[in-house]
Amino acid sequence: MGRRSKNKQAAPEPLEKKVWPTPKKLGKRKADSDSDSDDKPSTRPTKKIKDSKPKAHAPDSKAVIDKAKAKDKGKSAAKKGKALAKPASDNDSGDGWEDVNSDGDMDKDERLAPFRYGIDDDLEGFTGNLDEIMDDDNDDDPLAGTVQKFDFDTDQEEDEIQPVSKRKKSKQSERPLKIIPTGSDTSDDSDDEGGRVTMANMEARSRALDAKAAAEAELDDEEFQGAAASDDEDEDLNMDEEGDGDADAEPFHLPTAAEREAEKQKGGPDLMVVQRRMRECVRVLGRFKRLAEKNRSRSEYTEQLIADIASYYGYNEFLAEKLFQLFPVAEAIEFFEANEVPRPVTIRTNTLKARRRDLAQALVNRGVNLEPIGKWTNVGLQVFESSVPIGATPEYLAGHYMLQAASSFLPVIALSPQPDERVLDMASAPGGKTTHMAALLQNTGVVFANDTNKARTKSLTANVHRLGCKNVVVCSYDGREFPKVMGGFDRVLLDAPCSGTGVISKDQSVKVNKSERDFTLLSHLQKQLILCAIDSVNPDSKAGGYIVYSTCSVTVDENESVVDYALRKRPNVKLVDTGLSFGREGYTKYRGKTFHPSIGLTRRFYPHVHNMDGFYVAKFKVEKRSKATKVDEAAVHSNFTVPLGEEAPAEKVQEDVGFDSEEDRPYLEEAKRRRMKSKGLRPPPRSKPTSTTV
Amino acid sequence: MRPLTEDESKAVFTKLANYIGKNLIHLIDRQDEPYCFRLQKDRVYYVSESSMRLGISVARPNLVSLGTCFGKFSKSGKFKLHVTALDYLAQYAKYKVWIKPNGEMPFLYGNHVVKAHLGRITEDTPEHQGVVVFSMKDIPLGFGVTARSTVDTRKLDPTAIIVFHQADVGEYLRDEDTLF
């Protein structure tokens, strides 16, 4: 059960401004994010994290299946405790680093473990360090005195401890012995392929953390001492690194181009080698100045890392690079890792036929283990385990629920159709979102469900009927025909066809079959579709006039650029808040492209952050073409045209436009010569006419 | 998409009347909104007039479905009810049959209802009467025709068939391709 519960959907993090700096600033980012949160996740004892969380989560889960709990109380309670331990850690960690840290504790996946620990023990030293110097909080301030440490090379730590060596020694002696074992513990773990955290091990670690926390509390009393301690910690960190180096027996060496070529000749490197190299590359890129080899550039490391990612996870190089560029280095790795793990199975209650509580009860009786997804939706349930096929229960067939990914709730929630509206779903098969909208309309108004692919409309129709949606018209047009077929919609949902880079965990074939050309074609299609969607909306609609654009892709050219394009092409639309309480903000700047600043209102969702498919949601409001601008335009136009019709300027214009036969003569002559030639006549020599013209 | 002809309406209504009897009138005279029957590519749809009017603007080859599909006309002109009509049938059914939980899955796989699985049945159901099949939790599962009257069922052995299967919600999975 513990294994399953790790798949539990993390509760959505609160919406807060999170700045994701470029990879260059990783070190600082760490400090910032830590100082943002009041509690210090890394220094807090692990046990505390576990304890504190269930309290926060208990009410909502209790509300839904309290009956089930009454039935077998002990069992479910135990389950819940475990299940909630995981989201707790997810929740605490606003940024990916802590995520990795806590994952490392829980995760038993042997293949991934070594990698995580690599980051893990790195971190432990690092966060510890920064937590302590957090008092002076602006560590990028040169006056703080800590900065100079970062400029030193790893080998030189003897020099740098010189100034405070006396104090330090005393500190170390007074410090509990456990602290140093913590570092070595973890590094042992990373060496050990199993990467298991045994019970005893955990205990030791938590005790060590406790001790550390206590020590820190002491240190916090005196600021000066605190600063000294930070130096101290830093040394610890360096010792860690040294330890690492000892364990690996040789320092990390980035292969040169020639070496890589040779490796390729031999048929690709060993998986273990690649794994280790990736780990090292991430570490180096995290603190480049300090850890990089001399005369190797950052791009060389990045290149090597991308190549390794491509081979290790099985992407083509193009896609690996494209996805890699979306995130800071360490986060990118998390993203790739998350694509290897399946997302939790979720279902949506069909409110036309059942209530969530009743449905949950009925399914629990059939031996399905489930829980509500989160606070952000009141129709979603997450399935942990089922003894019956979840897509063939009598409840499913009777249309009480729909198997639907959590991410596909989002665009409908954002669109929030109101009763008695006319809604269009431009690319609707297999109907999860369509039926969700019909349910929100409570079978009033009308939903036009369109899908280009006729074969897919069969399953769409089946789902529409099964879920008892009586207000749906299913049609099969190319979406781009749409304002012609019918316009005047109150709301339009465009879940555009996309490359599917957000759902790689569902469809692994995306990893290899997407090329540059696919992305160009798709984004072209998306741009056409979004304009059609905008044109299909009735701007005079009373409550509506909204469009939601969504894709299950994470790339920028399918999302932000498309939205930006729409904003530029249709001046009467603007972006509005999606109404989703979580998700990252859309990029307003990306690799030299600058988008409209309001694109910050769009939302991105990631597998490694939100534990749902990678997704993008943007919501537009279509306004009337403002009369003021129209009039202005008309005025400008008439100003421009009216004088033309009048006397004096008209002549002048005519003069300008008239033929200048003198200038044209050489062309005429040339044409004449060609004509003669083609008739087989001999044209007169060329020099003469040109000379006459000139 | 066009309205039904005289003959077609007759075929549809007699079939429906077999299940819902006089309640048929509630389908035609609705309190909330006028509804109508429309024929589109041999399928009969029951749809609100407002939806129908909007649906008119969709070209015939592109229109896949609108409202609720009730069934289809066979080539010989007979009308066959589909499971998609179940919502309305269940709402207005005159005669109902409830089956026990252990009989649910066999019925959903397309089998007839045997006496052993019979949980409840409407009193005085005649023979060869269209009935709607419910689970014990009142979830409509399909419909069929009784093999015996209620009185006669009492003396049957447990394996005897009570309701002949006509349609069940399992068809959404089994016959998704042919249903629409």
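Worth saying up front: this structure is predicted, and the values here are computed from it rather than measured.

Calculation rules
Here the residue numbers are simple positions, counted from 1 along each chain's written sequence. In the order they appear in the text, chains get letters beginning with A and ligands get numbers beginning with 1. At least 70 in pLDDT is required for a residue's local features to be given in this predicted model, at least 80 for side-chain atom pairs to be given and counted, and no such filter applies to totals for whole chains, interfaces and linings, which use all residues. Only hydrogens and water are set aside; all other atoms, that is, all heavy atoms of the structure, feed into the side-chain values. A run of H or I in DSSP counts as a helix once it spans at least four residues, and a run of E counts as a strand once it spans at least two, with each numbered from the N terminus. Only protein chains enter the accessibility calculation, which uses a 1.4 Å probe; a residue is then buried when its area is under 20% of its type maximum, exposed when over 50%, and partly exposed in between. Note on definitions: a residue-residue contact is assigned when non-hydrogen atoms from the two residues lie within 4.5 Å. For the area figures, the Shrake-Rupley method with a 1.4 Å probe applies, and any residue is considered shielded solely by the protein chains shown. UniProt positions are given in the numbering used here, feature names are shortened, and annotations may be inferred rather than shown by experiment. Note on geometry: axes are lines fitted to C-alpha atoms, helical ones only across the stretch in contact, with angles between N-to-C directions running from 0 to 180 degrees. Each angle receives one of four descriptions, namely roughly parallel if under 35 degrees, roughly antiparallel if over 145, roughly perpendicular if within 65 to 115, and oblique otherwise. Should the near helix be turned anticlockwise from the far one by less than a right angle, the crossing is left-handed, and should it be turned clockwise, the crossing is right-handed. Each of two parts loses accessible area, computed with a 1.4 Å probe, when they are put together; buried area is these two losses added. Salt bridges are defined by distance alone: a side-chain nitrogen of Lys or Arg within 4 Å of a carboxyl oxygen of Asp or Glu. Each polar contact in these results corresponds to two N or O atoms within 3.5 Å; when the atoms are within protein, one needs to be able to donate a hydrogen and the other to accept it, and residues that are neighboring in sequence are counted only if both atoms are side-chain atoms. The residue classification treats Ala, Val, Leu, Ile, Met, Phe, Trp, Tyr, Cys and Pro as nonpolar and Asp, Glu, Lys and Arg as charged. All others, Gly included, are polar. One bridge is not enough; two strands pair if DSSP finds at least two bridges between them. pLDDT runs from 0 to 100 and stands for how confident the predictor is about each residue. For this analysis, a ring pair means two rings from Phe, Tyr or Trp (six-membered ring only for Trp) whose centres lie within 6.5 Å, classed as stacked if their planes differ by under 30 degrees, edge-to-face if by over 60, and tilted for the remaining angles.

Caption draft 1: Molecular detail of the overall build of chain A. Secondary structure assignment for chain A yields 33 helices and 15 strands. Taking all 694 residues of chain A together, 52% fall into the buried category. Put simply, of all contacts in chain A between residues at least 6 apart along the chain, 74% involve residues at least 24 apart. Element-wise, carbon and sulfur atoms account for 53% of the exposed surface of chain A, whose accessible area totals about 32400 Å².

Caption draft 2: Quick peek at the UniProt feature "active site" (unreviewed entry) in chain A. Residues and elements named next belong to chain A. Within the UniProt annotation, "active site" (unreviewed entry) is assigned to Cys 552. As for its placement among the helices and strands, Cys 552 is situated in the loop between strand S9 (546-551) and helix H28 (560-569). Not counting the four nearest positions on each side in its chain, Cys 552 is found in contact with Cys 498, Gly 500, Thr 501, Gly 502, Val 503, Gly 614 and Phe 615.

Caption draft 3: Structural context of the UniProt feature "binding site: S-adenosyl-L-methionine" (unreviewed entry) in chain A. Residue and element names in this part refer to chain A. The feature "binding site: S-adenosyl-L-methionine" (unreviewed entry), as annotated in UniProt, sits at Ala 427, Ser 428, Ala 429, Pro 430, Gly 431, Gly 432, Lys 433, Asp 451, Asp 478 and Asp 495 in this numbering. Along the chain, Ser 428 falls in the loop between strand S5 (422-425) and helix H23 (432-440). If sequence neighbours within four positions are ignored, Ser 428 has contacts with Thr 434, Ala 449, Asn 450, Asp 451 and Leu 460. With respect to the helices, strands and loops of the structure, Asp 451 is situated in the loop between strand S6 (446-450) and helix H24 (454-466). Judged by relative accessible area, which is 6%, Asp 451 ranks as buried. The residues contacting Asp 451, other than those within four sequence positions of it, are Met 426, Ala 427, Ser 428, Ala 429, Arg 456, Thr 457, Cys 475, Ser 476 and Tyr 477.

Caption draft 4: Structural detail: the packing of helix H17 (residues 298-313) of chain A against helix H18 (residues 317-324) of chain A. All names here are of chain A. Look at H17 against H18: their axes get within 9 Å of each other, and the N-to-C directions meet at 120°. Viewed along their axes, H17 and H18 adopt a mutual orientation that is oblique. Taken as a pair, H17 and H18 cross one another with a handedness that is right-handed. Here H17 contributes Thr 302, Leu 305, Ile 306, Ala 307, Ile 309 and Ala 310 to the contact with H18, which in turn contributes Glu 317, Ala 320, Glu 321 and Phe 324.

Caption draft 5: Spotlight on the interface of chain B and chain A. With 31 residues of chain B in contact, the opposing surface of chain A contributes 35 residues. Roughly 2800 Å² of surface becomes buried between chain B and chain A when both sides are summed, with 61% attributable to carbon and sulfur atoms. Our count for the contact surface shared by chain B and chain A stands at 4 salt bridges. For A:Lys470, the salt bridge identified is with B:Asp87, shortest N-O distance 3.0 Å. Summed over the shared surface of chain B and chain A, the number is 12 residue pairs in polar contact (both at pLDDT 80 or more). Among the secondary structure elements, those contributing two or more residues to the side of chain B that touches chain A are helix H3 (49-55), strand S3 (63-66), strand S4 (68-73), helix H4 (86-92), helix H5 (101-108), helix H7 (171-174) and helix H8 (176-179) of chain B. With 4 residues, S3(B) is the single largest residue contributor to the side of chain B that touches chain A. Counted by class, the side of chain B that touches chain A contains 17 nonpolar, 9 polar and 5 charged residues. When strand S7 (residues 472-475) of chain A meets S3(B), the two strands line up antiparallel, connected through 3 bridges. Directly across from A:Val474, in S3(B), lies its bridge partner B:Ser65.

Caption draft 6: How the structure looks around the sheet that holds strand S6 (residues 96-99) of chain B. Residues and elements named next belong to chain B. Taken in spatial order, the 6 strands of this open sheet run S7-S11-S10-S9-S6-S8, and their pairing is mixed. Looking along the sheet, the strands with just one partner apiece sit at the ends: strand S7 (113-114) and strand S8 (118-121). With 2 bridges joining them, S7 and strand S11 (residues 161-168) adopt antiparallel strand pairing. Looking at the pairing, Val 114 lines up with Ile 161 of S11. The sheet contacts of H5 involve S6, S7, strand S9 (130-135), strand S10 (140-146) and S11, and relative to S10 the element is tilted by about 80°.

Caption draft 7: Seen up close, the pattern of salt bridges. By the definition in use, this model includes 26 salt bridges over all chains. A salt bridge links A:Asp557 to A:Lys322; the shortest N-O distance between them is 3.1 Å. Separated by 235 residues along the polypeptide, A:Asp557 in the loop between S9 and H28 and A:Lys322 in helix H18 bring together distant segments of the chain. With its nearest N and O atoms 3.1 Å apart, the salt bridge here joins A:Arg366 to B:Glu104. One end of the pair, A:Arg366, is in the loop between helix H20 (356-365) and strand S2 (368-372); the other, B:Glu104, is in helix H5, on a second chain. Judged by relative accessible area, which is 4%, B:Glu104 ranks as buried. Several salt bridges converge on common partners, so that one network encompasses A:Arg366, A:Glu395, B:Glu104 and B:Lys137.

Caption draft 8: Spotlight on the environment of A:Asp507. For A:Asp507, the location among the structural elements is in the loop between strand S8 (491-495) and helix H26 (510-513). In sequence terms A:Asp507 and A:Asn339 are 168 residues apart; their C-alpha atoms lie 9.6 Å from each other.

Caption draft 9: Fine view of the packing of helix H15 (residues 271-286) of chain A against helix H19 (residues 329-338) of chain A. In the contact formed by H15(A) and H19(A), the axes pass within 9 Å of each other and the chain directions differ by 150°. Mapping the contact onto sequence places A:Met278, A:Val282 and A:Leu285 in H15(A) and A:Val329, A:Ala330 and A:Ile333 in H19(A).

Caption draft 10: Focus on H18(A). What H18(A) keeps buried is the set A:Leu319, A:Ala320, A:Lys322, A:Leu323 and A:Phe324. Close packing links the buried residues of H18(A) with H17, H19, H26, helix H27 (516-536) and strand S12 (589-590) of chain A.

Caption draft 11: Structural detail: the confidence of the model for chain A. Averaged over every residue, the pLDDT of chain A is 72; the share at 70 or more is 58%. Every residue in residues 15-19 of chain A scores below 50 in pLDDT, and together they form 8 contacts with partners more than four places removed in sequence or on other chains.

Caption draft 12: Structural detail: the pairing of S9(B). All names here are of chain B. With 6 of 6 residues buried, S9 lies mostly within the body of the structure. Residues of S9 alternate between two faces, with Gly 130, Val 132 and Phe 134 on one and Val 131, Val 133 and Ser 135 on the opposite face, all of them buried. Alignment of S6 against S9, held across 4 bridges, turns out to be parallel. The residue of S9 that forms the bridge with Val 97 is Val 133. The pairing of S9 with S10 spans 5 bridges and is antiparallel. If you follow Val 131 over to S10, its bridge partner there is Gly 144. In sequence, S9 turns back onto S10 through a hairpin of 4 residues, with Asp 138 there showing a positive phi of about 65°.

Caption draft 13: Looking closely at unusual backbone geometry. Residue and element names in this part refer to chain A. For the peptide bond that leads from Ala 429 to Pro 430, omega is 5°, which places it in the cis range. Relative to the assigned elements, Pro 430 resides in the loop between S5 and H23. Not every positive phi belongs to a glycine, and Asn 295 is a case in point at roughly 50°. Tracing the sequence through the fold places Asn 295 in the loop between helix H16 (288-291) and H17.

Caption draft 14: Molecular detail of the packing of aromatic side chains. Enumeration according to the criterion identifies 26 aromatic pairs over all chains in this entry. Judged by centre distance (5.6 Å) and plane angle (75°), the rings of A:Phe448 and A:Phe489 are edge-to-face. Pair noted here: A:Phe448 is in strand S6 and A:Phe489 is in the loop between helix H25 (482-485) and S8, with a separation of 41 residues, a long-range link. Taking relative accessible area as the criterion, A:Phe448 reaches 1% and is therefore assigned buried. Judged by relative accessible area, A:Phe489 falls into the buried class, the value being 0%. Look at B:Phe37 and B:Phe70: their rings are 5.6 Å apart centre to centre, the planes differ by 85°, and that puts the pair in the edge-to-face class.

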